[in-house]
Every structure is written in structure tokens, then in C-alpha cells.
Amino acid sequence: MCFAGLVVLSVVFAGCRGSEQLRFPAEFKFGAASAAYQVEGAWNVSDKGENIWDRFVHTQPHLIAGRGNGDVACDSYHLWRRDIQMCEELGLDIYRISISWSRLLPTGYPNVISEDGKNYYNNLIDGLLEKGIEPVVTIHHFDLPQSLQDLGGWANPLIADWYVDYAEVVFSLFGDRVTYWVTINEPFILCEATYTEFLVPYYDDPDVGRYLCNKNVLIAHAKAYRLYDERFRSKFNGKLSLSTLFFWFEPAAPEEQEMTDLMFEYWEGRYAHPVYSKEGGWPVKLEKFLDDKARKEGYSQPRLPPFTPEEIDLVRGTYDYFALNHYTTRLVRRLRPEEREVMWPLIGSTELGAIMVHHPSWVTVNDWFALYPEGLRKQLNWLNTTYDLKEIFITENGIPLGPELDDKLRVEYYRSYLEQILLAVHDGVPVTGYTAWTLMDNFEWRSGYTVQFGLYSVNFTDPLRTRTPRTSARYYANVTRTRMLYPQNDVKYRDVLK
Ligand SMILES: *[C@@H]1O[C@H](CO)[C@@H](O)[C@H](O)[C@H]1NC(C)=O
Ligand SMILES: *[C@@H]1O[C@H](CO)[C@@H](O)[C@H](O)[C@H]1NC(C)=O
Ligand SMILES: *[C@@H]1O[C@H](CO)[C@@H](O)[C@H](O)[C@H]1NC(C)=O
Ligand SMILES: *[C@@H]1O[C@H](CO)[C@@H](O)[C@H](O)[C@H]1NC(C)=O
């Protein structure tokens, strides 16, 4: 029996093979994601320490769009019950949260564990579990304690031990109730954007800083993974990964294949190859390209700090699943001589001399974002064949739009991207879960409150930070309940959203 309303999927599946083909497997987990600094607010309550975003928004407010800051944000520190209620309204299986390092460890070190910080996360985790919603926990999401930044932050190799000390506290306090862990969110952005004057703390050190960060982040992740193995795995049996931001790349013209391969290694390979590949270490072509460049520029040290054989072994294989943050697809081409400009990382790479552009047929949202859902299916298949993965979990996927409540384009984005995920599942790629970015509008880093990614809109001028579901929330609530992808116009929403 074939539903008339399923025309789009029926075409994709070349005829009607029964509704089971159109359904997400029962064990597939639907969720939404957020991050501590972007939603919590309460930056100075109790004994919370200062983090790099607190410092930056207060000392350089002119560098944030609209001079926004996360002092209050969505006030989730106080409104966490409402957040859980929204997860319930959406019918989520999981909610991905992050822990604020400086809220839990005010000094940055484990000598002081904040009672209030601990209570906040215990309440949130227990509150979710009471409603049958599983918390997925990111240990670090861009908000380093200022005390550690003052000592060099992610460019200082000691960060690995500071991070492991913090992670140990997190595992000890919450590990009994958490299965899925993300150790560090988007190391590509953490290093790339921080040292090229885009993210906080806003350094201009593209030749050295970002590559020190690159290595240190991997060592930190790996040491935390090994610690979990030794002390916690037998008790809690959780799954760890670090989340990789990875756009899909295709060559803008056939002669751009080589540059596109390099772009893969630059974005994805620098963070994934050392962890997921059989041989470990840096991706070979890129390492050579960067070494040659550093030598030509008169540096005595290679760009990518070499791994010792022990470090290669330490890092290799430190994953239980692949956490993928996917937003869009880009076409890659070499920069033309007249285009020698400094580009932010989502536009291109000054280091590689490459720029990323849209295909003229794509629906575009801004200069770095286009809808090309097929890219996600290709990417999932690529990951599955490139690495030995038992499980892929999509930890972020979403679209930046304006404040409107009737966000039809977001509905189309979610429908079409979820369709490609379902097709990849049918291809045999082990995708097991999905957390939409994001549950509600929030403080979008240096874009402040000028960009909206939320399923729920938040009124940031209202002291109560009222949350209102968008059309996309209603659509997603239908998907999680039916586990089917009805075209948006066919969906009759149940009245579950407040
Ligand atoms: C906390 O910060 C707010 C600004 O966001 C300020 O108004 C308030 O006085 C501060 N509270 C304390 C206890 O410092
Ligand atoms: C995914 O990878 C596994 C293991 O390498 C392989 O057996 C399977 O055929 C792959 N699936 C697809 C769709 O390529
Ligand atoms: C946001 O809240 C403010 C203060 O309560 C209110 O005046 C305003 O109308 C609200 N905006 C919207 C779009 O609801
Ligand atoms: C989802 O949408 C379909 C198509 O309109 C409708 O038949 C179904 O009742 C909806 N289910 C829920 C739970 O909203």
C-alpha cells in the first residue's frame, strides 16, 4: 500500500516498496543540540569562573555583531525545565548539551568543584532522563576557562593534562548516566577560527598557533579517551568521539580535483586521519604541502608539529563512533592571482590558496551556506568506506535563517537532509542518530543574536526569554513521532507544541 502523500520519497525509492522503506529504523535516535555558553547565561552566578567568552564580550564588545553577549543568553541556567519540556514537545530521544568547564571547575583545575555547577548539570541530566530523553554530553565546546587561556590555552601542550583532569571530574560525576560523549566540539573551528581572528580569543597566528592547537587538541582528546578506558569503561560502557565539522567538498571544475583532495585533508584529515585511519598520524599529502610552504617562508619548524611514534599510537583508534557535524556542501577551486585575500575558514583557505563557491543551481542562504542535501549522503558513504566505523552519529545539522516563525526553508532543509540520511541508512551506512542544530535560537558566537538556527524562536528582549515553536519545530515533532518524512505541506501537526 502506497501513501499518496509520499510522492517525493516514492520517486527516490523508484516506486513504492512499502512504507517500511520510508521509515527510520526504530532504534534511530532523533535529537537536538545546544552548547553551554550559547544558552546558559548566568555567567557570574555563584562561584562560576570566568571563561574566554565572558572576558571577550566584556572587553571587546564591538567585535560581536550587535554587541551581543552570553551574559543571559537563553537563561537556560534558570529555564532548564522549559528546555526539557521543549525536548518532550518535540518527541526527542536525545538532547545534546555541553558542560561549561568554568562553571564546574571555577579555577579551571580540579582543586575546586562547584556545588552549584554540579547541581545544575545533575538537575538537567536527571530531568531529561525522567522524561525518557537521553543526554548526549559534550565535555568542551569553545568556552575555555580564562585562567588556562592566560597560560596559552590550546597552544600550550600542558592543556592536554588540564583537559584530562577536567574530563575525569566530568566522567566521575555524570558518567553513570551518560552513554554518548563528545570530548571536544569541532576542533577545526576551535583551532582554525581562533588563530585567524574569527573566534575568541581572536588571535592572528595562522602559521604557528593553529597548528599547535591542532596537535594539542588531538592529544587531549586521546588522553581523555585512554583515561575513560582505564577508569570508567568497564563500569559505564559509554561511547566517545570528538565531533568533526566536515562540509562535503566537490571540485568546481575537473582540474580542481587535486585542490579538492587537499581541502579534504585540510578540513577533515587534520582532525580525523590521526584518530580514525589505520596508519594514524597527519594526512601525508597535506603534511608535505605545508612543510614545503613553511620552508619557503623561512620557518625552521614544520607547520604540523610532528607526532612521535608513541603519540601516533596514543591518538590512533580513540573512537567508539564518528560524531559528524555537517551543514553544507562547497565547490572548491584554486584562488586566481587577483583574488589573494584573507578568507575566513568557511569561505576558503588562504593557507591552501583555495576558495569555496556555490553551484549556480543551489538554493543559497549566505556566502558559505547552500542547500545540497545529496552531499550528506555522499559524505556518509565516503566516511563509511574511508574508515572502519561501527557507528556514525550526526551531532549537528541545521540552517541559519532570520527570525521568522514560519520557516519553510528550514522545514525543507530538515526534510531533504533527513531524506538523504535515510537513503544512506538504506545504502548500509551505520548512521544511528541525529541531533538538529539547534533546539532554540541562541548566542551565535561572533554573530551574536543576528542569526537564528533554532527550532524554537527565543525573545531576547523579554526578561522571561519566552520560547515559541517555529513551523520547523512542528514538522520535526511529526518526524520524531511518525519516524516518517512527509512532505511539509502534507503534515497535519498534532497540537503538542506550546
Ligand atoms: C553579574 O553580571 C551582570 C551583568 O550581566 C551584572 O549586572 C551583575 O551585577 C553581576 N552580578 C554580580 C554578582 O557580579
Ligand atoms: C560500510 O562499510 C562496511 C565495512 O567496511 C562495508 O562492509 C559496507 O559495505 C559499507 N557500506 C556501504 C554502503 O558502503
Ligand atoms: C518580546 O518581548 C517583549 C517584552 O516582553 C515584548 O514587548 C515583545 O512584543 C516581544 N516580541 C515578540 C516578537 O513577541
Ligand atoms: C504527521 O503528518 C501526517 C501527514 O499529514 C499525519 O497524517 C499524521 O497524523 C501526523 N502525525 C503526527 C503525530 O503529528
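Residues numbered from 1 in each chain as written. Chains lettered and ligands numbered in written order. Predicted model: local features only at pLDDT ≥ 70, side-chain atom pairs only at ≥ 80, totals over all residues. Heavy atoms only, no water.

Undergrad: Talk me through the overall build of the protein chain; I want residue IDs and the actual numbers.
TA: Helix and strand counts for the protein chain stand at 16 helices and 16 strands. Over its C-alpha trace the protein chain gives a radius of gyration of 22 Å, about what one expects of a compact globule, namely 23 Å for 498 residues. When burial is assessed residue by residue, the protein chain has 60% of its 498 residues classed as buried. Long-range pairs, those at least 24 residues apart, make up 75% of the contacts in the protein chain with a sequence separation of at least 6. Here the protein chain contributes 51 positive and 67 negative side-chain charges, whose respective centroids are spaced 3 Å apart. (Helix = DSSP H or I, 4+ residues; strand = E, 2+ residues; numbered from the N terminus. Rg over C-alpha atoms; globule rule 2.2 N^0.38 Å. Buried < 20%, exposed > 50% of the residue type's maximum accessible area, 1.4 Å probe, protein only. Contact = heavy atoms within 4.5 Å. Lys, Arg positive; Asp, Glu negative; His and termini not counted. Charge placed at Lys NZ, Arg CZ, Asp CG, Glu CD.)

Undergrad: Can you explain the packing of helix α10 (residues 209-236) against helix α11 (residues 257-276)? Please cite residues and give values.
TA: One way to put it is that α10 packs onto α11 with a least axis distance of 10 Å and a crossing angle of 35°. Seen from above, α10 lies across α11 with right-handed handedness. Of α11, the residues touching α10 (which contributes R210, Y211, N214, V217, L218 and H221) are Y266, R270, Y271, P274 and V275. In terms of residue class, the contact of α10 with α11 is built from seven nonpolar, two polar and two charged. (Axes fitted to C-alpha atoms, helices over the stretch in contact; angles between N-to-C directions. Left-handed = near helix turned anticlockwise from the far one by under 90°. Nonpolar A, V, L, I, M, F, W, Y, C, P; charged D, E, K, R; others polar.)

Undergrad: I'd like a description of the site of ligand 2, backed by residues and values.
TA: All residues in the neighbourhood of ligand 2 are listed as N381, N384, T385, D427 and G428. One nitrogen or oxygen atom from the side chain of N384 is found 2.6 Å from an oxygen atom belonging to ligand 2. Across the complex, the protein chains shield 45% of the 360 Å² of accessible surface that ligand 2 would expose by itself. A per-element tally of the shell around ligand 2 places helix α14 (residues 374-386) first, with three residues. Taken together, the residues of the shell around ligand 2 break down into no nonpolar, four polar and one charged. (Near = heavy atom within 4 Å. Polar contact = N/O pair within 3.5 Å; in protein donor to acceptor, adjacent residues only side chain to side chain. Areas by Shrake-Rupley, 256 points an atom, 1.4 Å probe, with all protein chains shown as cover.)

Undergrad: How would you summarise unusual backbone geometry if you had to cite specific residues and measurements?
TA: Omega for the bond connecting V200 with P201 falls within 30 degrees of zero, at 10°, which places this linkage in the cis form. Within the secondary structure, P201 is located in the loop between α9 (187-192) and α10. Here the bond from W437 into T438 is cis, since omega is 20°, no more than 30 degrees from zero. Among the secondary structure elements, T438 is positioned in the loop between β14 (431-437) and β15 (456-458). Its identity as a non-glycine residue notwithstanding, D75 has a phi of 55°, on the positive side. Within the secondary structure layout, D75 lies in the loop between α3 (52-59) and α4 (76-89). For N237, which is not a glycine, the phi torsion comes out positive at approximately 55°. Here N237 shows up in the loop between α10 and β5 (239-245). The exposure class of N237 is exposed, given its relative accessible area of 55%.

Undergrad: Kindly report on the sheet that holds β5, identifying the contributing residues and their values.
TA: Read around the barrel, eight strands follow the order β1-β2-β3-β4-β5-β7-β13-β14 and close on themselves; strand pairing throughout is parallel. Across the sheet, the axes of successive neighbouring strands diverge by a mean angle of 25°, strand direction being ignored. Relative to strand β2 (residues 94-98), strand β1 (residues 29-33) runs parallel, the two sharing three bridges. Counted as the bridge partner of A33 is R96 from β2. Strand contacts of helix α16 (residues 471-482): β1 and β14, with the helix running at about 150° to β1, the strand carrying the most contacts. (Pairing = 2+ DSSP bridges.)

Undergrad: So what's going on with the sheet that holds strand β6 (residues 248-251)? Residues and values would help.
TA: Strand pairing in a sheet takes place through backbone hydrogen bonds and is either antiparallel or parallel in direction. The strand order across the open sheet formed by four strands is β6-β8-β10-β9, and the pairing between neighbours is mixed. The outermost strands of the open sheet, each flanked by one partner alone, are β6 and β9 (348-349). Note: β6 against strand β8 (residues 329-334), four bridges, orientation parallel. Each bridged residue has a counterpart across the sheet, and for F249 the counterpart in β8 is R330. Running over the sheet, α11 touches β6, β8, β9 and β10 (354-357) and is turned about 165° from β6. Each of β6 and β8 is contacted by α14, which is oriented at about 100° to β6, the strand it contacts most.

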